[in-house]
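Given next are the chains, with one letter for each unit.
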Amino acid sequence: MVLEYRSPDWDRYVMNYREPFKQIEPLEQEIRVVDEALAALKHAGILPHTDYDREKFLAHRKEVAEKFEIPWTAITPRMHRLIYAINAILQPKVMVAAGIFCGFTFICNAGAAVGQGKCYDAKRLVGIEIKPEEAARAERNVRSLTDDPTVEIIAADAVEVLANFDDTIDLLYLDADGAGKNGKGVYLDILLAAWDKLRSGSVILAHNSVNLAHQLKHYLEFVRNPQNCRASVNVVIDGEGLEVSMK
Ligand SMILES: C[S@@+](CC[C@H](N)C(=O)[O-])C[C@H]1O[C@@H](n2cnc3c(N)ncnc32)[C@H](O)[C@@H]1O
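Residues numbered from 1 in each chain as written. Predicted model: local features only at pLDDT ≥ 70, side-chain atom pairs only at ≥ 80, totals over all residues.

**Q** I would appreciate a short explanation of the environment of Glu69 in the present structure.
**A** Relative to the helices and strands, Glu69 resides in the loop between α2 (54-67) and α3 (77-90). Sequence separation of Glu69 and Lys42 is 27 residues, and the distance between their C-alpha atoms is 34 Å. (Helix = DSSP H or I, 4+ residues; strand = E, 2+ residues; numbered from the N terminus.)

What follows is the structure, encoded as structure tokens:
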């Protein structure tokens, strides 16, 4: 049985990829859906509680909307809030995001530890992007918001970086698309390269668990196997989805 949280309106909640900060539902509804998703993650044993500072999240969102150059994104306002909240609650000392494109998905995670949304001190916040021009844009975007030395943007293949990574990873965010080769199937390659750096209790977030589930077949089979992960929940709050797993 696949553990899942599915909001009743997930398939009617649709964003314009070129207007990531346009409000598409009342804020109270966005908060309610994300609260329900967080409660499902707590119930699965992945989160210790569901509390995060909602005002700080809004300050973070405003700052990113004002400062970042984002050509497009499929991260909906609900997903932005969910990813920020998971990081704010878990407070990972070492967070790694793989396939960060222009840096927006990186800051959805790292925004809990830098800038206006900061609610804890991290040790390392690492973003990896294989396309040098996008890594450069991510660096510009992130530096417009913080000069925090814990932030590192690396222009390289996440599989190689993680195979040689020299720290324990508390939270791994996966969003690489294989740069045209095996698509999102690269998530499993990245996860396996990182596996021995993830501790028991580390959390892995994987975007596109719904719309690209076919490409993620082997990845989803791996994280949903109790021999590999203690819990894994498919969070369906929009058409993209987020698989949240705990090693
Ligand atoms: C298109 S983005 C994902 C967009 C994101 N879901 C959003 O909605 O904003 C995926 C990124 O992963 C990068 N990528 C692909 N394979 C990678 C790899 N092996 N290591 C690091 N980055 C990779 C691509 O260059 C691309 O910028």
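And the narrative resumes.
**Q** What exactly am I supposed to notice about the site of the ligand here?
**A** The ligand sits among 23 residues. The nearest are Thr73, Ala74, Gly99, Ala158 and Ala176. Taken together, the residues of the shell around the ligand break down into 12 nonpolar, five polar and six charged. (Near = placed C-beta within 6 Å. Nonpolar A, V, L, I, M, F, W, Y, C, P; charged D, E, K, R; others polar.)

**Q** What's the story with the sheet that holds strand β7 (residues 231-236) in this structure? I'm lost.
**A** What links the strands of a sheet is backbone hydrogen bonding, and the strands pair in either a parallel or an antiparallel sense. Taken together, the eight strands give an open sheet; going across it, the order is β1-β7-β8-β6-β5-β2-β3-β4, and neighbouring strands pair in mixed fashion. One side of each edge strand has no neighbouring strand; the edge strands of this open sheet are β1 (3-6) and β4 (151-155). Adjacent strand axes in the sheet meet at a mean angle of 15 degrees, parallel and antiparallel pairs treated alike. Relative to strand β3 (residues 124-129), strand β2 (residues 94-98) runs parallel, the two being bridged by five bridges. Residue pairing in the sheet places Met95 in a bridge with Leu125 of β3. Of the strands in this sheet, β3 and β4 are in contact with helix α5 (residues 132-143), which crosses β4 at around 165 degrees. Sheet strands in contact with helix α7 (residues 186-194) are β2, β5 (169-174) and β6 (198-207), and its direction is about 170 degrees off that of β5. (Pairing = 2+ DSSP bridges. Axes fitted to C-alpha atoms, helices over the stretch in contact; angles between N-to-C directions. Contact = placed C-beta atoms within 7 Å.)

**Q** Explanation requested: the pairing of β2 in the structure shown.
**A** Side-chain direction in a regular strand flips from residue to residue, so the side chains alternate between the two faces of the sheet. Counting buried positions along β2 gives five out of five residues, so the element sits mostly inside the fold. Burial along β2 is two-sided: the residues Val94, Val96 and Ala98 and Met95 and Ala97 are all buried. Read as a crossover between parallel neighbours, the route from β2 over helix α4 (residues 104-110) to β3 is right-handed. Two strands pair when backbone bridges link them, and β2 and β5 are joined in this way by four bridges, in the parallel orientation. Across the sheet, the residue bridging to Val96 is Leu172, located in β5. (Buried ≥ 20, exposed ≤ 12 C-beta atoms within 10 Å, placed from the backbone. Right-handed = clockwise from strand over helix to strand, strands pointing away.)

**Q** Explanation requested: α5 in the structure shown.
**A** For an α-helix, 3.6 residues make a turn, and residues three or four places apart therefore share a direction. The terminal C-alpha atoms of α5, which comprises 12 residues, lie 16 Å apart, in line with the 16 Å expected from a rise of 1.5 Å per residue. Every buried residue of α5 is accounted for by Ala135, Arg137, Ala138, Asn141 and Val142. Around the axis of α5, the buried residues are gathered within 160 degrees of arc, so they sit on the same side. Turned more than 90 degrees away from the buried face of α5, the exposed residues are Pro132 and Glu133. (Expected span 1.5 Å × (residues − 1). Arc of directions from axis to C-beta.)

**Q** Got a minute to help me understand the pairing of β7 in this structure?
**A** Pairing of β1 with β7 involves four bridges; the strand directions are parallel. Bridge assignment links Tyr5 to a residue of β7, and that residue is Val235. Pairing geometry for β7 and strand β8 (residues 242-246), over five bridges, is antiparallel. Paired with Val233 across the two strands is Val244, which belongs to β8. Turn length for the β7-β8 hairpin, with the two strands adjacent in sequence and antiparallel, is five residues, and the turn residue Gly241 shows positive phi of about 85 degrees.

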